Amino acid sequence: MKKILIILLASICFGTTFSQRFSETFDNYISTDDLTDKWMIKGKVKLDTNFYSSKNNSIKISQSSEIIISRFISKPGKLELSLMTKGAGIWNLSIYISTNTNFNSNENWTKINEFNTDLSQTTFSTKTYDINKLKKNYFIKLKFELNGENSSLYIDDIIIHKISKDAIAKIKEAEQQKKLKKERKIDFERLLVDESFENAGYLVKNYKKTYKKRIKTLGMLYDKSNVIKVLSGTASALGDYTQLSNPMKYEKYKQLKKVLVEKLDPIDTLFYSDEIEGKLSDFFKKIENPLNIAVGIGDIFTGGSVSKVVSGFKGLITTAYSTERLTTLGVRRRNISIEQKKGVKLYLETKDFFEDVEKQNLKTLKLNIAIYDIYESSKKLNTEIEQLFIEYTALANIVITKDEVINISKNQNYTKFNKEVDIFFKIMLGRRNNFDAKYIAKQTKEIDVLFKKIENCISKYDKLSNSMSSFFVDFNKQLGGSCPYRNITEKDIIFWNSKVLKIQETLKDVEKTFNKSYMDINFK
């Protein structure tokens with residue numbers, strides 16, 4: 001079970017777990033007129049049939065533009081976009097919501113998120129963003145701004161997914177915390193003015209309640225970020241998929257090799273083994289675990305190294321079918337041209353096969369880099385939360401170790417801190433006849449700094465889980481495609497399909513197993 005846990009985290013955020021509130025793939029559109037009839041568009045946006053991640057169409061944006069989803073959305077959700085850029089310009093996407101049907105007024109729109117697209121993506125990639133707004137009947141505007149020239153942005157899917165009751169409860173808790181923060185600020189300012197014990201008591205009580213809640217938040221954040229780190233670190237499902245890019249696993253490759261080796265001089269055969277098969281074999285061993293991608297990627301699949309390996313293979317074909325070599329093998333002069341035509345055929349077949357290998361490797365490379373980035377981010381966040389947990393509890397004179405943080409987070413038992421926290425806030429308040437308003441103000445300011453750090457960690461965690469969601473969508477789309485290799489044997493097609501099917505079945509099973517654990521995300 002452990003070996004395939006990499007890709008499930010996203011699938012339970014949404015995907016098959018929750019239905020969609022809104023979905024547009026543009027596949028049923030015939031012309032740009034269909035697009036402008038059904039969408040509110042400002043700018044240069046048209047239907048495109050050249051680039052798409054699935055089925056038939058996408059939309060192409062070639063200058064700064066706006067698209068409004070004029071159908072209202074009720075309740076929070078997750079916005080999923082499938083994007084690809086071409087050219088050198090950088091695109092900035094801003095996401096706005098409004099409850100007002102006067103779409104032309106900029107004052108009615110509230111920005112909730114923004115990001116920059118990747119440059120010159122060779123394939124579509126998924127971006128996922130939270131719509132953490134409890135307002136009902138809101139509308140969404142997507143604003144695309146081009147910084148630079150000669151660049152186009154393609155959008156294949158725009159989907160808004162429903163989220164779970166637990167996720168909505170988390171949003172409500174966040175709203176409640178904002179409300180309490182405003183109340184604390186008012187009480188704090190009132191205390192500085194009149195310095196009454198009653199105001200001090202109310203303020204300290206509010207802080208104590210939130211302080212206890214936030215210990216639990218930190219523990220859960222630590223546990224969940226650690227889950228992402230562990231899952232992305234045990235990425236053998238992606239490793240298995242990456243191995244489907246290994247040409248040496250295919251009967252077609254063995255056939256090409258067999259024909260070639262029969263014509264080679266023994267010394268050329270040794271070169272073939274060392275320089276071609278040796279490098280390919282070493283590379284795919286290195287990236288059985290995608291977390292080695294940063295180490296292994298420079299060895300062969302960047303900087304033209306693939307071309308060098310393929311050129312070596314094709315160069316040997318030229319050598320093997322040269323007039324000199326064929327003469328050495330005893331081929332009669334009148335038959336040399338016939339044999340060399342076979343060499344040309346072998347050359348073209350080899351060229352086509354390795355082109356497909358390289359294209360597939362670029363696709364899997366993108367997934368590998370994505371999961372490596374998620375792993376690095378989750379590891380960094382996990383360490384940050386651990387250190388913050390220790391710093392946070394130390395404020396209340398509670399000393400804990402890293403091992404204790406791990407155990408506390410696993411067991412979700414925070415009652416052991418109640419006594420120490422109660423004592424800490426009791427001392428902070430003091431007695432009616434000797435309480436110190438300035439001391440309370442100083443202490444609460446320190447706590448506010450820690451509260452802010454926790455909010456930042458929650459934000460980073462949300463982005464991290466959305467990255468996993470996007471990763472899953474992209475991975476699943478790749479698994480849903482047909483075998484990418486041309487003119488291969490029936491045995492090779494069966495090999496590809498059976499491997500992909502096993503990965504898909506595993507993902508489905510693990511998703512169900514992990515769903516209950518992951519969806520417990522109500523940070524109260």
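None of the values given here were measured: they were computed from a predicted structure. (Residues numbered from 1 in each chain as written. Predicted model: local features only at pLDDT ≥ 70, side-chain atom pairs only at ≥ 80, totals over all residues. Heavy atoms only, no water.)

A.B. asks: Explain the overall build of the protein chain to me, and be specific about the residues and the numbers.
C.D. replies: For the protein chain, the helix and strand inventory stands at 15 helices and 11 strands. Long-range contacts, defined here as pairs at least 24 residues apart, represent 80% of the contacts in the protein chain between residues at least 6 apart. With an accessible surface of roughly 26100 Å², the protein chain has 50% of that area assigned to carbon and sulfur atoms. (Helix = DSSP H or I, 4+ residues; strand = E, 2+ residues; numbered from the N terminus. Contact = heavy atoms within 4.5 Å. Areas by Shrake-Rupley, 256 points an atom, 1.4 Å probe, with all protein chains shown as cover.)

A.B. asks: Any details on the packing of aromatic side chains? Residues and values, ideally.
C.D. replies: Following the criterion strictly, the structure yields 26 aromatic pairs and no others. Between tyrosine 253 and phenylalanine 313 the ring centres are 6.3 Å apart and the planes differ by 55°, which places this aromatic pair in the tilted class. Here the residue tyrosine 253 occupies a position in helix H6 (residues 251-263), and phenylalanine 313 occupies one in helix H9 (residues 305-320), the gap between them amounting to 60 residues. Summarising the burial analysis for this pair, tyrosine 253 and phenylalanine 313 share the class buried. Taken together, a centroid distance of 6.4 Å and an interplanar angle of 40° make the contact between tyrosine 392 and phenylalanine 451 tilted. With tyrosine 392 in helix H11 (residues 333-395) and phenylalanine 451 in helix H14 (residues 437-479), this residue pair connects regions lying 59 residues apart in the sequence. Its relative accessible area of 7% is what places phenylalanine 451 among the buried residues. Members of the aromatic cluster, connected to one another through ring pairs, are Tyr241, Tyr250, Tyr253, Phe313, Phe353, Phe354, Phe471, Phe475, Tyr485, Phe495 and Trp496. Looking at lysine 141, its charged tip hangs above the ring of tyrosine 96, at a distance of 5.0 Å from the centre. When the ring centre of tyrosine 207 is taken as reference, the NZ or CZ atom of arginine 184 above it lies at 5.0 Å. (Phe/Tyr/Trp six-rings, centres within 6.5 Å; stacked < 30°, edge-to-face > 60°. Buried < 20%, exposed > 50% of the residue type's maximum accessible area, 1.4 Å probe, protein only. Lys NZ or Arg CZ within 6 Å of the ring centre and 35° of its normal.)

A.B. asks: How would you sum up a positive patch on the surface? Please name residues and give values.
C.D. replies: A grouping of Lys75, Lys136, Lys162, Lys165 and Lys172 is seen on the molecular surface, where their side chains present a positively charged patch. Within the secondary structure, lysine 172 sits in helix H3 (residues 165-194). (Patch = residues over 30% accessible without salt bridge, like charges linked within 9 Å, V, L, I, M, F, W, Y side chains within 5 Å. Salt bridge = Lys/Arg side-chain N within 4 Å of Asp/Glu carboxyl O. Lys, Arg positive; Asp, Glu negative; His and termini not counted. Charge placed at Lys NZ, Arg CZ, Asp CG, Glu CD.)

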